[in-house]
Structures are given as structure tokens and as C-alpha cells.
Number of protein chains: 2
Amino acid sequence: LQGEAGWGSEQPGMVESVPDFNSFVTRTNTCGELRSAHVGQKVTLYGWVQYQRQGLFLVLRDFQGLTQVIIPQDEAHSHLKELLSSAPLESVVRVTGTVSPRPLGQENPKMPTGDIEVKAETAEILNSCKKLPFEIKDFIKKSEALRMQYRYLDLRSPRLQSALRLRSRLVMSMRQYLCNLHGFVDVETPTLFKRTPGGAKEFLVPSREPGKFYSLPQSPQQFKQLLMVGGLDRYFQVARCYRDEGSRPDRQPEFTQIDIEMSFVDQAGIQRLVEGLLQHSWPEERGSIMTPFPSMTYEEALAEYGTDKPDTRFGMKIVDISDVLRGSGVHFVQNALSYPHGSIRAICIPQGVKYLTNKDLESLKESHCTDHALTFSQEIMEIIRKPDGSLKSLLTKFLGEKEKSELIQALNMQEDDVVLLAAGEHKQCCALGALRLLSANLLEAAGLALRDPTAFHFLWVVDFPLFLPKAENPTELESAHHPFTAPHPSDASLLYSDPTKVRSQHYDLVLNGNEVGGGSIRIHNAEQQRFVLEKVLKEDSEVLSHLIEALELGAPPHGGIALGLDRLISLIVDAPSIRDVIAFPKSFRGRDLMGNAPDYVTPEELEPYHIQVSWPLEEKEAKKN
Amino acid sequence: LQGEAGWGSEQPGMVESVPDFNSFVTRTNTCGELRSAHVGQKVTLYGWVQYQRQGLFLVLRDFQGLTQVIIPQDEAHSHLKELLSSAPLESVVRVTGTVSPRPLGQENPKMPTGDIEVKAETAEILNSCKKLPFEIKDFIKKSEALRMQYRYLDLRSPRLQSALRLRSRLVMSMRQYLCNLHGFVDVETPTLFKRTPGGAKEFLVPSREPGKFYSLPQSPQQFKQLLMVGGLDRYFQVARCYRDEGSRPDRQPEFTQIDIEMSFVDQAGIQRLVEGLLQHSWPEERGSIMTPFPSMTYEEALAEYGTDKPDTRFGMKIVDISDVLRGSGVHFVQNALSYPHGSIRAICIPQGVKYLTNKDLESLKESHCTDHALTFSQEIMEIIRKPDGSLKSLLTKFLGEKEKSELIQALNMQEDDVVLLAAGEHKQCCALGALRLLSANLLEAAGLALRDPTAFHFLWVVDFPLFLPKAENPTELESAHHPFTAPHPSDASLLYSDPTKVRSQHYDLVLNGNEVGGGSIRIHNAEQQRFVLEKVLKEDSEVLSHLIEALELGAPPHGGIALGLDRLISLIVDAPSIRDVIAFPKSFRGRDLMGNAPDYVTPEELEPYHIQVSWPLEEKEAKKN
């Protein structure tokens, strides 16, 4: 059980005092607080019955820890003994008694309160626990659905207590950094707004005006820019955001971001701010983080890691071996290299021979085929470096000694390493990025220590393209991030001649291979904003007319960032899912399994909103029968 | 212009340092910062052109203040002169120059930077302001609708800058009190939940499951109680809440409350917590507040002030004069007193003869008739105490000298005072509470200093009834606040015998006659909760089964409160409306006049949500034509 760790770990600029958990209530101490120094004190504790043994003692639990309570055995206290012996587990109890040292030899060094026990003198059962639908011990092994249904029981677990308390503390520390140290203003922005162009993932909220809907925005983007136009200078908000993505694992319909915007700032300014912010608020028990964070261009990230969110905790980078193989007579190599962006690339899996089974290797090669449609490349090919230093592959018979040795050198192949090689267009080779991650997981599952589980590798990814071809129609462009992103200063003139080549002033913050933040310097020039919307994106700028007009009326240059708080916290506490750092998460179908939301409402309740349900045909039929 | 005030006013337990507004950007100072001590320094300022005079100087403005910039007149700087002279007002400008003392006699003692000026050396127009749709000077006099449409311009005003910054600072200070000093955990709870019973004011959010809707809760009530069941012990949240009330002046469809819940606490504990919280976070520039706050029962409040949110900044209390008049032969008095709860009550308006016109008095008496349906009482009757000490009233001829002198004494009538008298059932006499406030407004409008505009009178109102008769059917009961409120311990047994007589453990916090908070000790016993829902309120408890089940599985005794942040801040900054302390408020019809929300969406956008618009007949017809 946690609760103490971290409270003493306040950082410079933060209040140093430990909070008083016993103010405003009649308890004298929490269940995690008593030590030998308290011996002889009369104390009153409140907590849950964690354990009770044969009417001799019980263990009382609260958010801060456990205390052993001795049940008196003498006749005068028979009522008390009866009371405490019969209290079901998880009942809520008040106990008053005297702190005593545990008998010699019975101390429990694993328990912070293990040197003492409390001899009960009076007690009250404040709420008796009915029969639990399962044993708490089993509960932790039960399905996540059951644990979400009884979320209030799961919340009593040290795991969730610790995650939620760390989250609260970290956000508080972030606020202190932003507000108290750097003059940011915490401004709340509306969540009932209107549909943004292309906002297909926005929930709708019917209004009382017929046919008119609010929408729940995916971020306060427009509002934070308008705050800059309004001269707020430095804004932040711990902002609730909404995204209706239907069923996607590990996404939540509502989520939280640390939303930041500054005037008169450039990309480097925002980066230094965020580095300082994270360094300031980083929980001491998770080590410290070094700043500045390394930076990598989008191009580099794609070339070396096959993704725009590289996990830089380990190597196995993608290597371009086109030049090594260019001279070989291998047909698929020649074919690939004949295309404009054709290349041959590879990753080297260290000790792959030892740690990967043949089945592993097959599954790796197959996952590649299913995940990515390859237009003209061969399938993935493997090359093994045998203990004698020689190479084993279908390819080797086509390679000369020079090529083999260059290959070994380019990939730094050691004995027992396995190389996976792909040929194809630049983008398809990037699929090696997914193989790199899969291989790493397989290696670790087999026992190779590849990534330090306590390491936190932050990385800036910069110089994204401003526009990308639309998936459904590659001759049209869409914003790589959003239409308010400013072009890279070096590429500003390209905007009008060749928008596909324009890099943006967008930056992503990546932590251990996860995107934990993204932001940009924004367009502050109304003409440029109108050009992007109308000429490049071919969108109706009318719906954003208020924003464009605002840019015309004294908008300062500005930029910002949003950090995904749920993801960030889940990485810090090493939780498998963001659901583990949210008090009341939705299931992956967007349901609240405890309260049963969403739920049916009556037609009368819909009336004021001028809407009715269009029942799908099959349900209509079912209702008839 | 504000910005400096208050930053130095950190309270004990808070970080003492002044924030660095110039970190991460290339400005050296804000426009409110330079003093004589800076003379000789080379500075870079960013701001808006507030004023420009004949190419000689301009005044640059940012969130923190104003700085006078001298435009060089020599030939070498002709380009700079041209640039700065031609920049339209409200353009965004960077200026670099040297701080100089103002020439003797030209200092401006009203301006914090009035001892200095900055001699411009270089400058850049970062964004030229297009023609404003109105002059900024006129703008402040324009309609609120126009100011809401151009909210980003209004946000540049000292009034809104100051309100939003004070709000941010106050909330930060509250967080420090709760988190750092008293161990509260900031927990975010969902806003996509399900309809609560009787939740007619909850917005609905269609889900992708046909016929199923989320709703946006009016408060995190259920979740905060479940957090207590989950052992969080002390929770708070600056919570966004939603309420769809259609058009009601000075209500917002989304609003913010400081939401607090504690385990193992009683009413006094919550009250001390809130008093400490407000005292800690109170802005120094608004004076200090004394604790503990006075307390008054609901009965007393109704009897003496005719309302459950008394404005205690002034007297004019309602006085029961039934006993004084009981012996008189006045018919309406006898009639009123013959009813079980009949009484004669009055308020005394000091100096009413001097400060109120006859028209005022007529309007007072009329407002009473329109506001409150009187079943059997006479209209309001007035009694004047003339300068010679005698009474003037339609009533006087029926009163003996003894009765007259007792009346004068009971109401403490001075010369020129006016008494308004009402006869009727207890409740109807309470309508005198509204007259008391109206009279106070009229007296003040006429120049009598009745209420100290800088005074803050906090008041606890306690011992509310637990249930009230339903307005539409007085034989049925509804919760006075909500069904989770615990009965008063002294009245617990009455719950089962005569629920109408049960007082609750609800408490309201009132400030200067406005309700700024409300809370209660909650029911933690499942049986009692079920009894209240099923037997007293006759509601289907099934929809709250998760909460009742939670109470069975180890729920601690708990209670809490919610403070209405928007209202509280508006009172602190003396703003006429909560819209003045919200960055982007909705109009009283719930519209965002800047972005035009809510708005129409296409039928295709509604499809994933299985809903369609039921157009009212007239609009259907209009669409056809």
C-alpha cells in the first residue's frame, strides 16, 4: 500500500509541508501512519476490515496503509470482542485504542506500521459489509468487465489508489509550474460548441432549437487560439476532450489533455517549456529525466524506425542496404531499385537465433504481410549469421564475399543475429518499424533484457509535412494535423507553389514509443489561413469565419501544445491501459459498466430536443413482435 | 490595467515567488513592468498598439499594462518612424529600444510605468489590425450581444483580463489548500453518464447504439460518493457541470463547481473545511474574511428574511407582530390569525419617507401581488412614522395607544421610517423577503448607503427540511435537495413515522444573499437509502441499484459540498453577471454568438447516432415551400 511515498518528494518551488490527512475529522491518525514513536498514544482510526483472525486481531486498512488491531480477550471487553470478531471483511470500522509495541519477534519489517499494534478499547461498526459477490482475493484475477462493474471495490486496491494519487500530485505540480512559476492563466473553455469541419468524431448534443446541435469538441483548439487573440498571453487548461471513435481498444470517449498556448513564442520556446514542465512535475520515485529531450525529424524517424513515434529505448534501427545489394544480380532487388523511391532495408535482431523460434520468425514475416499491402516488394527475407560467422539465407548464393562482408558491417551483424530484409518503396519498407517492435516483444518474452523497464526516453519529432494526400483520393490534400498549423519558415513560399513539399511547425512529443503530446506554431495571418483552407484544403472557410476574422483583428503570433494526460500517467505508472489511471473508465465499447450508460430514454424525454430515434430495421421488427 | 496586483499577495503555504512572464520568449519585459530602475536597459516588448500620436509616440499594451514608446524623429530612423506611425490601432508590434526617464514634468503618476518611456530603435509589425468593426472606445458601450460576438476583443479589456486572472489565481490557491495542505485527491469523473431519475435538465448525447443516450450530469454527485466507497477518503474536483434550463437569465448551460467529498466527516467538519478554504484563497485585494461563518437555521432564515439565502449585510428583518395586533379589532388581522399558521409580519424601511417616492411604494406593493399568489391575506399595508413621532396608516384608527407604542417598539420604528405589513399564512408572509430586497435596492438607488459594497457576508443556512411537498401534487413528497441527503440525527426515527417533519443534514453557503454552495452529509446505509427512494419518494430504485449496492459493500460515512465557482467569482469581482467571469459564455438563450453554436448538421451526420430531427410542423411547411 502506498500513500506516503512521494508526499515528501516535493520539488523546488513546491510547498514542502506534508498534508494533514486528519484535519476536519475525529480520527487521530491514518492506518499507515503509526510508528514506534507513537507508542503509548491513544488513537482513533477509521478503516476497512482487511483481515480478521480468530477473534484475536484484525487488520484495518485505509488509503494510506494497514494497522494491526489487537482485540481484547478479557471479560470486561466481551462486547467489543464480539463486535470486532463478527464484522465481515470490508466492513467500515472505527477503533479507539492505545498504540503498543509489538511483542518481541513479532514485528513485521515489511509493513511500515509493523513495529506497533493498537490495543482496541472501543470500536463501532460504521457500516457492515454485505456478502461480497466474490472474494476480494479472487476479484483481482477476475475479468476486467467485472472489475469495472464493481469499480468502487477495485478503487480500494493499492494499484488504483496509487495511480490516482500520483495523477493528482503530478497535475498539481504541473499547475504550480505553469501558474506560479511561469505566469500561465488557467482558463476554462466551453465543451458545448459547434461541429468543426471534418469533425466526424465529435459527439453531438441536441439543443432545444429544432435541428440545431452542439458538439463536444476534440480539443479546445479554437478557443485557445482565440484566447491568444484576446491577449491572455499564456493559457493552460487541464481540458476534458471528447472523441467518438466507436469501438477502439484503449481509447476513451472522454479524455484529458494538458492544453497549453503561448503568444510570441517559437517552436524551441514551447519545447523548453514542456521539458521544464515534465522535469518539474516528474515523480521523484520514477527517477529523474534529462533535458533537453533529443529531437528527430519526421523523415529520420520514418527512415530509421519506420514510424513517427520511435521507441528509442533500444536499437535495431532500420538500415538502408540498397547500395550494398545494388550490384548483386538478385532479381527482386533490381526490381525494387528500379522504382523512383525503391530501396532495400533491413533490421538486425540481436541474438535472434537464440531467442526466436522458427514459429516466431514465421509469425513476424506473416504479420508483415497482413498488416501492410505490399504492391511490388518481395516478402520479408531472413538472413542468419551463424556461429562460424557465415551467413545463411536464400539470398547468400547470389552474393559475393564483398557484398556479404559489407552486409555484415552495415547491419553490425553479430553471431546468432537474424536480419529481416524488405524491398520496396520507401513507405513499405517502413513496415519494418512494426517488425522491429514485434521482434523486441518476442525477444523480451523469451528472456532477453532489451528495454530498461525503468527508463523514460522522451523524443521530439519535428518537421512533419504540413499536408498529406488523402487516403481515399491521393490527388487531394488534407492537413497532416489540423488546418491551423503554420508552415515551416523555410518552406513558406512553397505553400503557394508546391504545398505537398511544405514542412510544418508541428512537433510531437514521444515517450518510449508512444505519442504523449503534439502541438504547433499556428498560422496568425488571416490571408495565409484563408489560402490554406480554401485553396489547399478546398474547404468552406465560412464555418471558421469567426477565427479568420479574429486573425485580422490583432492576433499575435502564437503556438502551443497538448499533452495526453491519461497516456502519460499510464506510462509513468507502467499501467497496461489508460483505463488503469482513470477513476471511472468506459469499456472499449464506450460503456459504463457500473452505472449502465448509455441507456434508453423515453420518447417524451427526446421531445424537447426535437429528435426521434431511427430504429434499425431489425430492432423495429423485434419491437413489433 | 491590472496584472501585478495580487501576484505578490501569496498566502502562507503558497509559493512566494513572482512568476516569470518572460520565460521561453524573446521579450525582455512585459508592458507593465518597466520602472525607473530599468533606465538605461535595452528592452524588447511585444504588445498591441493602444494609442498613437502624430508619429511622435505610441502606447503599447499587453496583459500587464501600458508602456509609452517614443518614435525616433531623425532621418536615419525614417523607416522605423514610417512603420510605427502607420500601424493601425490594435496591431501587434515588437519594439526594441532603450528605457529612458520621461522628461521632467512629463511623468504620469497614474501609470505604473509612468516614470519611463522606451526610445524605439527597431520594431516589427507582427500582425496589422484590419479595420475594427467599431471603435474600441465605443465598443465598451455596445450591446452585450456584439461584445460576445467579438469576445476576443472584449477579452483584451482590463475588466475581463482581471476577472479571468483572479479566477485562475483563486482556483490555484484552493487547489493548494486542498491538495497540499489537507491531502485531498483531485479526481476527474466522467461527464458522459446516464440519465438520473428526474434529470429533466440533463443534456442528452446520442450514442452509436440505437436508442441509447448518454447524459451530461448536473454534478458528479454519484461519482464522488462512489469514490468514498472506493476508499479515496478525500476527493475534490473543479468539475464541469451541465444543466439544460432553456432560456434563463444568468444561467449557463455549462458551469463549474468546486466539488468536494470527505469520508468520516460531519457537518461541522465540512463547514470548517470550507471556511478554511475560502479564507486561504481569498484575494488579498478584497480584504480578509472572518471565520467561522455565522449559521442560521432554515426556519430562522425564512422567518426573519423570507428566503433561504438571506442577505445579511443589512437589517430590515421581518418581524412577527401577530401578538401586538392580536387584540385589535382589525378584521383582516383576526381573519389571518384564525388560520393554523396565520401571522402578521412586517419590515421596517429606514428613512423610507425620505428615500422612497410614492411611486416606489406603489411598485413595491404591486410587485408583491404579481410575484406571489396570496390565498387569503390582504394586500400589503403601509405604516409611516411621521416626524412628530405619530403613526400614519389606514390601520391606525383601529389601534389603541398601547398597540401603537408596542408596534413602534417591536419594529424599532424611527421617524420617517416606513413599515410594510403583510397578513397571511407563514409562507406568504415570507414574500416580505422579496420586498425587503426590492426596498433595499430602491433606497440605495435613491442614495442611502445601506450595504457596504466591499463587505462579504458569508452565512451557513442549516437544518433544511429533508423533503418538500411536490408543487404539482402536495400530497406527494420530493427531496428538498437530492435523494442522497442524510436525515438530521435527531430526526432519524421520524423518517419512518412522519417524513415531512424530518430535517436534513443539508447546508447551504450564502454570500451577500446569493447561494454560493450547498452540500450535505449523505446516506451511507443501504436500507435507509432504499427506504427514502422507494417508500418516501416512490421512485424506481432500480436505476440507482449500483449506488445502493455500493452502500452495501463497505461504504464509509461521508459528506461533501459543491461551491458554485462562477457565482462566487462574480461576487468577488463585483461583476453584474457570471458571464463576466467566464471566458466564452453562452447567451441567455444558450448560444455561442462568436462561433454560432448550436448549429445545423446534415442528416448524414446524424445517421451513426440513429436519430433524426422531428421538425416542428411550421418549419416542415416552410421547408417545403
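The name given to chain A in an unreviewed UniProt entry is Aspartyl-tRNA synthetase 2, mitochondrial, and the organism recorded there is Zosterops lateralis melanops. The annotation that UniProt attaches to chain A under Sequence similarities (unreviewed entry) is "Belongs to the class-II aminoacyl-tRNA synthetase family. Type 1 subfamily."

*Asks:* Help me out: how do you make sense of the overall build of chain A in this one?
*Replies:* Across its full length, chain A holds 21 helices and 24 strands. C-alpha atoms of chain A, sized along the principal axes, occupy 95 × 75 × 65 Å. Burial analysis of chain A (625 residues in total) assigns 59% to the buried set. Contacts in chain A between residues far apart in sequence, at least 24 positions, make up 68% of those at least 6 positions apart. Carbon and sulfur atoms make up 52% of the accessible area of chain A, which totals about 25,600 Å². Distance between charge centres in chain A, computed from 68 positive and 83 negative side chains, equals 4 Å.

*Asks:* Got a minute to help me understand helix α15 (residues 432-445) of chain A in this structure?
*Replies:* A turn of α-helix holds 3.6 residues, and therefore any two residues three or four places apart point the same way. Residues and elements named next belong to chain A. In this model α15 runs 20 Å from its N-terminal to its C-terminal C-alpha over 14 residues, within 8% of the 20 Å that 1.5 Å per residue would give. Looking at α15, one finds that the buried residues are Leu432, Gly433, Leu435, Arg436, Ser439, Ala440 and Leu443. Buried residues of α15, viewed axially, fall in a sector of 155 degrees; they line one side. Positive backbone phi, at 110 degrees, marks Gly447, one or two positions downstream of α15.

*Asks:* How do you make sense of the pairing of strand β8 (residues 212-216) of chain B when you look at a structure like this?
*Replies:* Within a regular strand, the side chains alternate between the two sheet faces. Of all five residues that make up β8 of chain B, five are buried, and the element is covered over most of its length. Across the two faces of β8 of chain B the burial is the same, with Lys212, Tyr214 and Leu216 of chain B and Phe213 and Ser215 of chain B all buried. Sheet topology note: the strand β23 (residues 599-600) of chain A/β8 of chain B ladder contains two bridges and is antiparallel. Counterpart to Tyr600 of chain A in the pairing with β8 of chain B is Lys212 of chain B. In terms of strand pairing, strand β7 (residues 203-206) of chain B meets β8 of chain B through four bridges, oriented antiparallel.

*Asks:* I'm lost on the relation of the copies chain B and chain A in this one. Help?
*Replies:* Superposition record for chain B on chain A: RMSD 0.1 Å, screw rotation 180 degrees, translation along axis 0.0 Å. These values place the two chain copies in the arrangement generated by a two-fold rotation axis. Within chain B, the C-alpha atom positioned nearest to the axis of rotation is that of Val205 of chain B, 2.5 Å from it. A shared binding surface is used by both copies, with 100% of the interface residues of chain B retained as interface residues in chain A.

*Asks:* Which parts of the structure should I look at to understand unusual backbone geometry?
*Replies:* The bulk of non-glycine residues show a negative phi, and the bulk of peptide bonds are trans. Following Thr291 of chain B, the chain continues into Pro292 of chain B via a peptide bond in cis, with omega recorded as -5 degrees. Tracing the backbone shows Pro292 of chain B in the loop between α7 (267-281) and β11 (295-297). Residues Ala597 of chain B and Pro598 of chain B are joined by a peptide bond in cis, for which omega reads -5 degrees. In this fold, Pro598 of chain B is placed in the loop between α19 (565-572) and β23 (599-600). A positive phi is found at Phe264 of chain A, a non-glycine position, where the angle reads about 60 degrees. Within the secondary structure, Phe264 of chain A is located in the loop between β10 (254-263) and α7 (267-281).

*Asks:* When you look at the packing of aromatic side chains in this model, what are you seeing that I'm missing?
*Replies:* Aromatic ring pairs: the centre-centre distance and the angle between the two ring planes describe each pair. By the definition in use, this model includes 34 aromatic pairs over all chains. Plain terms: the ring middles of Phe264 of chain A and Trp48 of chain B are 6.0 Å apart, the flat faces sit at 70 degrees to each other, and that makes the pair edge-to-face. Linking Phe264 of chain A in the loop between β10 and α7 with Trp48 of chain B in strand β1 (residues 42-53), this pair reaches from one chain into another. Across this residue pair, the class does not change: Phe264 of chain A and Trp48 of chain B are buried. With a centroid separation of 4.5 Å and an interplanar angle of 50 degrees, the aromatic rings of Tyr496 of chain B and Phe531 of chain B are classed as tilted. In this pair, Tyr496 of chain B sits in helix α16 (residues 494-497) while Phe531 of chain B sits in helix α17 (residues 526-536), placing the two residues 35 residues apart along the sequence. Here the guanidinium or amino end of Arg436 of chain A rests over the ring plane of Phe314 of chain A, the centre of that ring lying 3.9 Å away.

*Asks:* Before we go on, may I ask you to explain the pattern of salt bridges in this structure?
*Replies:* Here the idea is simple: oppositely charged side chains can pair when their charged atoms come close. For the structure shown, the criterion picks out 96 salt bridges over all chains. Of the charged contacts, one joins Asp154 of chain A and Arg147 of chain A as a salt bridge, the two residues approaching to 3.2 Å between their closest N and O atoms. The closest approach of N and O atoms between Asp311 of chain B and Arg313 of chain B, which form a salt bridge, is 2.8 Å. A relative accessible area of 3% places Asp311 of chain B in the buried class. Each of Arg167, Arg240, Glu254, Asp566 and Lys586 of chain A together with Glu188 of chain B takes part in one network of salt bridges that share partners.

*Asks:* Before we go on, may I ask you to explain the environment of Met594 of chain B in this structure?
*Replies:* Structurally, Met594 of chain B can be placed in the loop between α19 and β23. C-alpha of Met594 of chain B to C-alpha of Lys137 of chain B: the two residues are 457 residues apart in sequence and 20 Å apart in space. Every residue in contact with Met594 of chain B, bar those within four places of it in the chain, is listed here: Phe223, Leu226 and His546 of chain A together with Met148, Gln149, Arg151, Tyr152 and Phe584 of chain B.

*Asks:* Honestly, the interface of chain B and chain A in this entry has me stumped. Any pointers?
*Replies:* Accessible area lost during the coming together of the parts is what is often quoted as the interface size. Facing the 135 residues of chain B at the interface are 135 residues of chain A. Counting each side, the surface lost to burial between chain B and chain A is near 11,900 Å², with a carbon and sulfur contribution of 59%. Between the two partners, chain B and chain A, sit 14 salt bridges. The salt bridge involving Glu188 of chain B is made with Arg167 of chain A; its shortest N-O contact spans 2.6 Å. On inspection of chain B and its partner chain A, the count reaches 73 residue pairs in polar contact (both at pLDDT 80 or more).

*Asks:* Just checking my understanding: could you explain the domain arrangement of chain A for this structure?
*Replies:* Taken domain by domain, chain A holds domain 1 (36-131), domain 2 (161-296 + 458-581) and domain 3 (314-445). A separation of 63 Å is found between the C-alpha centroids of domain 1 of chain A and domain 3 of chain A.

*Asks:* I'm lost on the nonpolar core in this one. Help?
*Replies:* If you look at the biggest cluster of nonpolar residues, it comprises 190 residues, and the most contacted ones within it are Phe458 of chain A together with Phe458 of chain B. Leave out the neighbours within four places in its chain, and Phe458 of chain A touches Leu278, Trp282, Ile289, Phe293, Pro294, Leu509, Val510, Leu511, Val516 and Leu568 of chain A.

*Asks:* For this particular structure, what's the right way to read the packing of helix α5 (residues 158-181) of chain A against α7 of chain A?
*Replies:* Residue and element names in this part refer to chain A. Direction vectors running N to C along α5 and α7 enclose 130 degrees, while the axes themselves pass 8 Å from each other. In terms of orientation, α5 lies oblique with respect to α7. The handedness of the crossing between α5 and α7 is right-handed. Contact with α5, carried on its side by Leu170, Ser173, Met174, Tyr177, Leu178 and Leu181, involves Arg272, Leu273, Gly276, Leu277, Leu278, His280 and Ser281 of α7 and no other residues of that element. Partitioned by chemical class, the residues of the contact of α5 with α7 number eight nonpolar, four polar and one charged.

Rules of the game
- Residues numbered from 1 in each chain as written.
- Chains lettered and ligands numbered in written order.
- Predicted model: local features only at pLDDT ≥ 70, side-chain atom pairs only at ≥ 80, totals over all residues.
- Heavy atoms only, no water.
- UniProt positions renumbered as here; feature names shortened; annotations may be inferred.
- Helix = DSSP H or I, 4+ residues; strand = E, 2+ residues; numbered from the N terminus.
- Buried < 20%, exposed > 50% of the residue type's maximum accessible area, 1.4 Å probe, protein only.
- Contact = heavy atoms within 4.5 Å.
- Areas by Shrake-Rupley, 256 points an atom, 1.4 Å probe, with all protein chains shown as cover.
- Lys, Arg positive; Asp, Glu negative; His and termini not counted.
- Charge placed at Lys NZ, Arg CZ, Asp CG, Glu CD.
- Expected span 1.5 Å × (residues − 1).
- Arc of directions from axis to C-beta.
- Pairing = 2+ DSSP bridges.
- Least-squares fit on C-alpha atoms with pLDDT ≥ 70 in both.
- Phe/Tyr/Trp six-rings, centres within 6.5 Å; stacked < 30°, edge-to-face > 60°.
- Lys NZ or Arg CZ within 6 Å of the ring centre and 35° of its normal.
- Salt bridge = Lys/Arg side-chain N within 4 Å of Asp/Glu carboxyl O.
- Buried area = accessible area lost by both parts, 1.4 Å probe.
- Polar contact = N/O pair within 3.5 Å; in protein donor to acceptor, adjacent residues only side chain to side chain.
- Domains from an automatic or database assignment.
- Core = buried A, V, L, I, M, F, W, Y, C linked by side-chain atoms within 4.5 Å.
- Axes fitted to C-alpha atoms, helices over the stretch in contact; angles between N-to-C directions.
- Parallel < 35°, antiparallel > 145°, perpendicular 65-115°, else oblique.
- Left-handed = near helix turned anticlockwise from the far one by under 90°.
- Nonpolar A, V, L, I, M, F, W, Y, C, P; charged D, E, K, R; others polar.

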